[in-house]
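Now for the letters of each chain:
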Amino acid sequence: MRQSFPKGLRALIWVVRGLAVLGAFALCVVPVAFWCSPGWVAEDGPALASLHGHPVVIDARARLWGTVASAPGVALGLAALVQLWALFGEYAAGRVFGAAAVRHLRHFAWFTLASAVLVPLQRAAIGVALTVGNPVGQRVLVLGVNWSDYAAILCAAVLLASAAVMAEAARLAEENESFV
């Protein structure tokens, strides 16, 4: 079903699609560059894993395990961006309440929720990777949830609810159209 929408939304569609491409590029390049750079890992890795002040060993094994620990987050991020690209493609075509738009929104919300749940586990795994080379007694597993993690889960829940509402709106619109 083709819907009309405000002109300002058309500009937003292209901005979001551009940001999706930029995000996908960053997700493919930045983690690889980070884990391939021992200096960058040494500088930012401990904070990334909530290991403030704790000794870390930045060797090839730590960087390999960190890369592996980062991979699921990268994959979820890319999957979410693919859904976002497709969703805004539906919007650009004027199919705001179409079945495909609702499906893409729902999938984006699920990928966002999975990513929000994964982030604290990913930080913990990176912390283990950075301390596995430490002597016994100095290896660390830090599992923490912060406000950003909680807010991301809430935002994903709102997106899931919005997708459900859009699906119901689309169903009602089709039902009303059949009466005319």
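Above this text you will find the structure in question.
In this text, all values refer to a predicted model and were calculated from it rather than measured experimentally. (Residues numbered from 1 in each chain as written. Predicted model: local features only at pLDDT ≥ 70, side-chain atom pairs only at ≥ 80, totals over all residues. Heavy atoms only, no water.)

Visitor: What should I look at first to understand the overall build of the protein in this one?
Guide: Each helix and strand counted, the protein has five helices and zero strands in total. Going residue by residue from the N terminus, the α and β elements of the protein occur as α-α-α-α-α. Relative to the globule expectation of 16 Å for 180 residues, the C-alpha radius of gyration of the protein, 21 Å, shows a markedly less compact shape. If one aligns the C-alpha atoms of the protein with their principal axes, the spans along those axes are about 75 × 25 × 20 Å. Considering the protein as a whole, with its 180 residues, one finds that 35% of them fall into the buried category. Here the analysis covers contacts within the protein between residues at least 6 apart in sequence; of these, 77% occur between residues at least 24 apart. Of the roughly 10,100 Å² that the protein leaves accessible, carbon and sulfur atoms contribute 71%. If you average the places of the 12 positive and of the 9 negative side-chain charges in the protein, the two averages end up 5 Å apart. (Helix = DSSP H or I, 4+ residues; strand = E, 2+ residues; numbered from the N terminus. Rg over C-alpha atoms; globule rule 2.2 N^0.38 Å. Buried < 20%, exposed > 50% of the residue type's maximum accessible area, 1.4 Å probe, protein only. Contact = heavy atoms within 4.5 Å. Areas by Shrake-Rupley, 256 points an atom, 1.4 Å probe, with all protein chains shown as cover. Lys, Arg positive; Asp, Glu negative; His and termini not counted. Charge placed at Lys NZ, Arg CZ, Asp CG, Glu CD.)

Visitor: Where do I start with the packing of aromatic side chains in this structure?
Guide: To describe a pair of aromatic rings, one takes the distance between the centres and the angle between the planes. Across all of its chains, the model carries four aromatic pairs by this definition. A centroid spacing of 5.2 Å and a plane angle of 75° characterise the contact between Phe 34 and Trp 40, whose relative ring orientation is edge-to-face. Of the aromatic side chains, those joined through ring pairs into one cluster are Phe 34, Trp 35 and Trp 40. The ring of Trp 85 has Arg 17 sitting right over it, with the charged end atom 3.6 Å from the ring centre. The lysine or arginine in question, Arg 61, covers the ring of Trp 65, its NZ or CZ lying 5.9 Å from the ring centre. (Phe/Tyr/Trp six-rings, centres within 6.5 Å; stacked < 30°, edge-to-face > 60°. Lys NZ or Arg CZ within 6 Å of the ring centre and 35° of its normal.)

Visitor: Honestly, helix H3 (residues 60–92) in this entry has me stumped. Any pointers?
Guide: The α-helix winds at 3.6 residues per turn, so residues separated by three or four positions along the chain end up facing the same way. When the terminal C-alpha atoms of H3 are compared, their 46 Å separation across 33 residues agrees well with the 48 Å that a helix rising 1.5 Å per residue should span. At Ala 71, H3 shows its maximal kink, close to 30°; a proline, Pro 72, follows between one and four residues later. (Expected span 1.5 Å × (residues − 1). Bend = angle between axes of the 7 residues up to and from the residue.)

Visitor: Please clarify how unusual backbone geometry should be interpreted in this entry.
Guide: Trans is the prevailing form of peptide bonds, just as negative phi is the prevailing case for residues other than glycine. Even without being glycine, Ser 50 reaches a positive phi, approximately 60°. For Ser 50, the location among the structural elements is in the loop between helix H2 (38–48) and H3. Relative accessible area serves as the criterion here: at 33%, Ser 50 is assigned to the partly exposed category.

Visitor: Would you explain the packing of helix H1 (residues 7–36) against H3 in this entry?
Guide: Two quantities define a packed helix pair, namely the angle between the helix axes and the distance between the axes. The N-to-C vectors of H1 and H3 enclose an angle of 170°; their axes lie 9 Å apart at closest approach. In terms of orientation, H1 and H3 fall into the roughly antiparallel class. When grouped by side-chain class, the residues that make up the contact of H1 with H3 number 20 nonpolar, six polar and three charged. (Axes fitted to C-alpha atoms, helices over the stretch in contact; angles between N-to-C directions. Parallel < 35°, antiparallel > 145°, perpendicular 65-115°, else oblique. Nonpolar A, V, L, I, M, F, W, Y, C, P; charged D, E, K, R; others polar.)

Visitor: What's the story with the state of the cysteines in this structure? I'm lost.
Guide: Working definition: the covalent bond between the sulfur atoms of two cysteines is a disulfide. Tallied over the entire structure, the rule returns zero disulfides. Free cysteine Cys 28: the closest other cysteine sulfur is in Cys 36, separated by 14 Å. (Disulfide = S-S within 2.5 Å.)

Visitor: I keep staring at the side chain of Arg 123 and nothing clicks. Help me out?
Guide: Locating Arg 123 in the fold gives a position in helix H4 (residues 99–131). Classification of Arg 123 by relative accessible area gives buried; the value is 15%. In this structure the side chain of Arg 123 is engaged in a polar contact, spanning 2.9 Å, whose partner is the backbone oxygen of Gly 144. Look past the residues within four positions of Arg 123 in its chain and what remains in contact with it is Leu 48, Ala 49, Ser 50, Gly 144, Val 145, Asn 146 and Asp 149. (Polar contact = N/O pair within 3.5 Å; in protein donor to acceptor, adjacent residues only side chain to side chain.)

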